[in-house]
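In case you want the letters, here they are:
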Amino acid sequence: MMRIKLLLLVLLLHAFAVYGEDGYRLWLRYDKVEDARLLNHYKKELANLYIAGQSPTLNVIRAELDKGLEGMLGSKPKTVSSLHAHGTLLIATRNTDVIKSLNPRLTEEPGKEGFVIRSITHAGKRITVITADDDIGLLYGTFHLLKLIQTRQPLRALSVQSSPLIQLRILNHWDNLDGTVERGYAGFSLWNWHKLPGYIDERYIDYARANASIGINATVLTNVNANAWVLTPAYLKKVAALADVFRPYGIRVYLTARFSAPIEIGKLATADPLNEDVKQWWKEKVTEIYKYVPDFGGFVVKANSEGQPGPQNYNRTHADGANVLADALAPHGGIVMWRAFVYDDKVPDDRAKQAYNEFKPLDGKFRDNVIVQVKNGPIDFQPREPFHPLFGAMKQTPLMMEFQITQEYLGQSTNLVYLANLFKECLDADTYQYGKESTVARIIDGSATKQKLTAVAGVTNIGSDRNWCGHPMAQANWYAFGRLAWDHQLSSEQIAKEWTRMTFSNDAEAITRVTSMMDQSWETVVNYMTPLGLHHIMGWSHHYGPAPWIKDRHRADWTSVYYHKADSSGIGFDRTQSGSHALAQYAPEIQNLFSNRETCPEKFLLWFHHVNWNEKLKSGNTLWDELCYRYYRGAEAVKKMQQDWDSLKGKIDTGRFEQVRQLLSIQYEEAVWWRNSCVLYFQTFSKQPIPQALPVPDKPLSYYMSLEFPYAPGIKPQW
Ligand code: GCW
């Protein structure tokens, strides 16, 4: 008996050693500071805690500090209510007496949600001050201070001032009421609609903590392919319960509105936005929502796109549709985020042109509380896209960004891809629409456009998986989205560094290795999936894996051949004047740059040009050879990532080390699968051999074309 008990204990301990770190704590791990001197320094500087005032957010601050400091320093700070001792952390808004009494005075004005952290000597005592205009700013400042400790920075001579560059920093959940997540690869929805409102899962609180720690202040709970039921009282109660949990963390709740809701739950005969009963119905519905959620943020709407109902069903415009909802929300301070990701049943000459064609004529026709939500590129979250031509083109309408954090087209949850580089490439792109420095970032943050409402949304990668995002490294994309939403001027490298330190280790070698893997990962995946500007050549419907051969489906613009246009002469979509002329939607500077074969960046070559297989590229290789080299280079780079990761054994906890190791090995198989499928398929057009230096695929094209994945994750539910 004794022996069995011992054996069980050993097994249990082993299980902890192997699986102890499971990624649940995200970047808020708060493990003990190892360096004794640094530990001592922190303990001295943060021996006492003085929080002025009372509020739910101040309670959250206290709880987070207790948790963080107990974890990292081994003890909670002592609560005090005066500044009589060395090493006091003072947290108070700028209008409090204690902040006003400080000598020297703090003169910084951080503004809404911003914060200031300063080390000062007040009446001979060393004090660390976190101050802000509002409690939420104090919470953000607190997370910043905790991050300094998590990344092992000394707390001396601190002088930090930080304010968000964009007002609304939003997560979009594509979560369905049945618990599935469209394009979700990390399990099921976080929202347990069945158990709400009575049961508050601890995850909701940890979700709010994680978001607040990176400055996210809005969440859209439901899928843009919307279900009207969420607007019924039974669900609004549940929504209210979530809103109550998130409120102290500065997060406001939004919902998706199904345009036909007046018919489906209102029993009206029409949802025509100009019909008086419909207008009245939305007014009453919105008033009802505010009874449940007094600080409700507003609606996101996907209309007349991919089968969703919308104003065009009644021969009305997107502006007519958006405005009826906006009028209902305006008295309560709510907004409408109207998506520009539209395409109707008629296949256009070029899908890349459709959003611009439909929205540009509506410029200036939207109410003030409408913002048009535009995806980063003109097609659909492809591995790489040029920026969307609507950015900067609608001068009378506020525009916001929609990024995709979930990796629908970027290896789902088996591929390590750090998306900050993708986000930055788009944000830093110059649109030339507002003279000097009209980057996409300066359009959406309002500094170029002077628009009053500014916002950025990311379609989340969060689900019920223990580690939230499916892949331990995918947490970095949630993190990076939030950080860039707050400050798009941060470099992706800096974000990767702080995330790695907090999430994995402060060990110098681990930081260098992990961040260099992250830095190269996006370019790598683009190489083995869609190099040189190729796009939309993935598997049908589930979008898993390669399928450049997809053709003859009911919509041409859902096939792959529509986009790559490979033929015996060459490959690529001609979007210049001789083709669809989608380039005409950009500013003249971009048109000149991209329409000229010499100046078009190679990364977008086949996006804008149909190029002859034998044409020489910058490398000196022909297009065909270069395409092959890129595909092979991509797959090889994954092998290199595997080696880099393996070299970190012992420096990363066993649980997550093993998870990433296994996932990288899947990624390598998938990279080879992409490479072989694409090279063999495109070879049927180029009729040229794979360059000699490269190994020939060991399976024929027919094998790759025969693969089927009826149960790939994240597909739209069919019921
Ligand atoms: O990328 C496509 C996805 C759809 C999604 C759509 C959209 C929510 O494949 O699943 O629907 O974009 O953004 O509306």
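It should be emphasised that the depicted structure is a prediction, and the values quoted were computed from it without experimental measurement. (Residues numbered from 1 in each chain as written. Predicted model: local features only at pLDDT ≥ 70, side-chain atom pairs only at ≥ 80, totals over all residues. Heavy atoms only, no water.)

Chemist: Is there a simple way to explain empty space enclosed by the protein in this structure?
Modeler: Gaps between atoms show up when a probe of the same size as a water molecule is rolled over them. For the structure on display, the rule yields eight cavities of 30 Å³ or more. Taken as a whole, the largest cavity holds about 110 Å³ of empty space. What lines the largest cavity is a set of 17 residues, and nearest its centre among them are Gly411, Met529, His543, Gly545 and Trp674. When its residues are assigned to classes, the lining of the largest cavity shows eight nonpolar, seven polar and two charged. (1 Å grid on protein atoms, 1.4 Å probe; cavity = no way out; pocket = protein on both sides within 12 Å on 5 of 7 lines; lining within 4 Å. Points joined across faces, edges and corners; volume = space filled by probe spheres on them. Nonpolar A, V, L, I, M, F, W, Y, C, P; charged D, E, K, R; others polar.)

Chemist: What should I look at first to understand the pairing of strand 5 (residues 125-132) in this one?
Modeler: Counting buried positions along strand 5 gives six out of eight residues, so the element sits mostly inside the fold. Pairing of strand 3 (residues 88-93) with strand 5, which is carried by six bridges, proceeds in the parallel orientation. From the neighbouring strand, Leu89 faces strand 5, where its bridge partner is Thr128. (Buried < 20%, exposed > 50% of the residue type's maximum accessible area, 1.4 Å probe, protein only. Helix = DSSP H or I, 4+ residues; strand = E, 2+ residues; numbered from the N terminus. Pairing = 2+ DSSP bridges.)

Chemist: Where do I start with the confidence of the model for the protein chain in this structure?
Modeler: One rule of thumb: low pLDDT means the predicted coordinates there are not for detailed reading. Of the residues in the protein chain, 97% have a pLDDT of 70 or more, and the chain-wide mean is 96. The model gives residues 9-19 a pLDDT under 50, and that stretch makes five contacts with residues more than four places away or in other chains. (pLDDT = per-residue confidence, 0-100. Contact = heavy atoms within 4.5 Å.)

Chemist: Would you explain the pattern of salt bridges in this entry?
Modeler: Pairs may arise between side chains of opposite charge once their charged atoms sit close together. Summed over all chains, the structure comprises 45 salt bridges. Between Arg351 and Asp380 there is a salt bridge, with its nearest N and O atoms 4.0 Å apart. Linking Arg351 in the loop between strand 11 (335-339) and helix 11 (354-359) with Asp380 in the loop between strand 12 (370-375) and strand 13 (399-404), this pair joins segments that are 29 residues apart in sequence. Judged by its relative accessible area of 4%, Arg351 falls in the buried class. (Salt bridge = Lys/Arg side-chain N within 4 Å of Asp/Glu carboxyl O.)

Chemist: Please clarify how the sheet that holds strand 10 (residues 298-301) should be interpreted in this entry.
Modeler: The strands that make up a sheet pair up through hydrogen bonds in the backbone, lying either parallel or antiparallel. If you trace the eight strands once around the closed barrel, you get 7-8-9-10-11-12-13-14, paired in parallel fashion. Taken pair by pair, the neighbouring strands of this sheet meet at an average axis angle of 25 degrees, ignoring direction. Note: strand 10 against strand 11, four bridges, orientation parallel. Looking across to strand 11, one finds that Gly298 is bridged to Ile335. (Axes fitted to C-alpha atoms, helices over the stretch in contact; angles between N-to-C directions.)

Chemist: What exactly am I supposed to notice about the site of the ligand here?
Modeler: What surrounds the ligand is a group of 16 residues, the closest being Glu182, Lys302, Arg339, Asp380 and Glu408. Between Asn225 and the ligand, the recorded distance is 3.2 Å, taken from a side-chain N or O atom to an oxygen atom. The side chain of Lys375 places a nitrogen or oxygen atom 2.7 Å from an oxygen atom of the ligand. Protein contacts shield 99% of the accessible area of the ligand, which totals 340 Å² for the unbound molecule. Residues belonging to the shell around the ligand are distributed by class as follows: four nonpolar, three polar and nine charged. (Near = heavy atom within 4 Å. Polar contact = N/O pair within 3.5 Å; in protein donor to acceptor, adjacent residues only side chain to side chain. Areas by Shrake-Rupley, 256 points an atom, 1.4 Å probe, with all protein chains shown as cover.)

Chemist: Would you take a moment to explain the packing of helix 20 (residues 623-646) against helix 21 (residues 654-686) for this structure?
Modeler: Each pair of packed helices can be summarised by the angle the axes make with each other and by the distance between the axes. Close contact between helix 20 and helix 21 brings their axes to 9 Å; oriented N to C, the two are set at 170 degrees. Put simply, helix 20 runs roughly antiparallel to helix 21. Among the residues making up the contact of helix 20 with helix 21, the classes are represented as 19 nonpolar, six polar and six charged. (Parallel < 35°, antiparallel > 145°, perpendicular 65-115°, else oblique.)

Chemist: Is there a simple way to explain the nonpolar core in this structure?
Modeler: Grouped burial of nonpolar side chains is what soluble globular proteins tend to show. By size, the foremost hydrophobic cluster in this structure holds 228 residues, and its most contacted members are Phe246, Trp282, Phe299, Trp478 and Phe682. Counting residues per element, this core draws most heavily on helix 21, at 13 residues. Listed in part, the 13 residues of the second largest apolar core include Ala52, Val80, Ala92 and Ile127. (Core = buried A, V, L, I, M, F, W, Y, C linked by side-chain atoms within 4.5 Å.)

Chemist: Teacher, can you tell me more about the packing of aromatic side chains here?
Modeler: Given two aromatic rings, one states the distance between the centres and the angle between the planes to describe the pair. On inspection of all chains with the given rule, the structure shows 41 aromatic pairs. Note on Trp468 and Trp478: the rings are 5.9 Å apart at their centroids and 55 degrees apart in plane angle, and the pair reads as tilted. Highlighted residues: Trp468 in the loop between strand 14 (455-459) and helix 14 (475-486) and Trp478 in helix 14, separated in sequence by ten residues. Looking at Trp468, the relative accessible area reads 0%, which means it is buried. Residue Trp478 is classed as buried on the basis of its relative accessible area of 0%. Ring geometry for Phe594 and Phe604: centres 5.9 Å apart, planes at 45 degrees, overall tilted. Of this pair, Phe594 sits in helix 18 (residues 588-595) while Phe604 sits in the loop between helix 18 and helix 19 (605-608); the two residues are ten residues apart in sequence, bridging distant segments of the chain. The exposure class assigned to Phe594 is buried, which follows from its relative accessible area of 7%. Taken together through their ring pairs, the aromatic side chains of Tyr24, Trp27, Trp191, Tyr204, Tyr207, Phe246, Trp468, Trp478 and Tyr479 make up a single cluster. Geometry around Tyr343 places Arg351 over its ring, the cationic atom sitting 4.0 Å from the centre. (Phe/Tyr/Trp six-rings, centres within 6.5 Å; stacked < 30°, edge-to-face > 60°. Lys NZ or Arg CZ within 6 Å of the ring centre and 35° of its normal.)

Chemist: Is there a simple way to explain helix 3 (residues 56-73) in this structure?
Modeler: Helical geometry: 3.6 residues make up each α-helical turn, so side chains three or four residues apart lie on a common side. With 18 residues, helix 3 ought to run about 26 Å at 1.5 Å a step, and its terminal C-alpha atoms sit 25 Å apart, in line with that. Along helix 3, the positions that sit buried rather than exposed are Thr57, Leu58, Val60, Ile61, Glu64, Leu65, Gly68, Leu69, Met72 and Leu73. Mapping the buried residues of helix 3 onto a view down its axis gives an arc of 150 degrees, with all of them on the same face. Where helix 3 is buried, its residues contact helix 2 (36-45), strand 1 (48-51), strand 3, helix 5 (135-150) and helix 6 (202-213). The positive-phi residue at the C-terminal boundary of helix 3 is Gly74, with phi of around 90 degrees. (Expected span 1.5 Å × (residues − 1). Arc of directions from axis to C-beta.)

Chemist: Any chance you could explain the layout of surface pockets here in plain terms?
Modeler: Its boundaries defined by the atoms lining it, the largest pocket holds a volume of some 520 Å³. Forming the walls of the largest pocket are 23 residues, and the residues nearest its centre are Lys112, Glu113, Gln167, Leu168 and Asn217. A class-by-class count of the residues in the lining of the largest pocket yields nine nonpolar, six polar and eight charged.

Chemist: Whenever I open this one, the pairing of strand 14 confuses me. Can you help?
Modeler: Consecutive side chains of a regular strand alternate in pointing toward one face of the sheet and then the other. Across the five residues that make up strand 14, a large majority, five, are buried. Of the two faces of strand 14, the one holding Ala455, Ala457 and Val459 and the one holding Val456 and Gly458 are both buried throughout. Across five bridges, strand 7 (residues 168-172) lies against strand 14 in parallel orientation. If you follow Asn172 over to strand 14, its bridge partner there is Val459. Bridge count for strand 13 against strand 14 is four bridges, and the pairing is parallel. The residue of strand 14 that forms the bridge with Gln404 is Val459.

Chemist: How should I be thinking about the side chain of Glu21 in this particular structure?
Modeler: Secondary-structure assignment places Glu21 in the loop between helix 1 (2-19) and helix 2. Accessibility expressed as a relative area gives 16% for Glu21, which makes it buried. Of note is the side chain of Glu21, whose polar atom sits 2.9 Å from the side chain of Arg25. Side chain to side chain, Glu21 and Arg29 meet in a polar contact 2.6 Å long. Glu21 has contacts with Arg29, Asp653, Gly655 and Arg656, leaving out every residue within four places of it along the chain.

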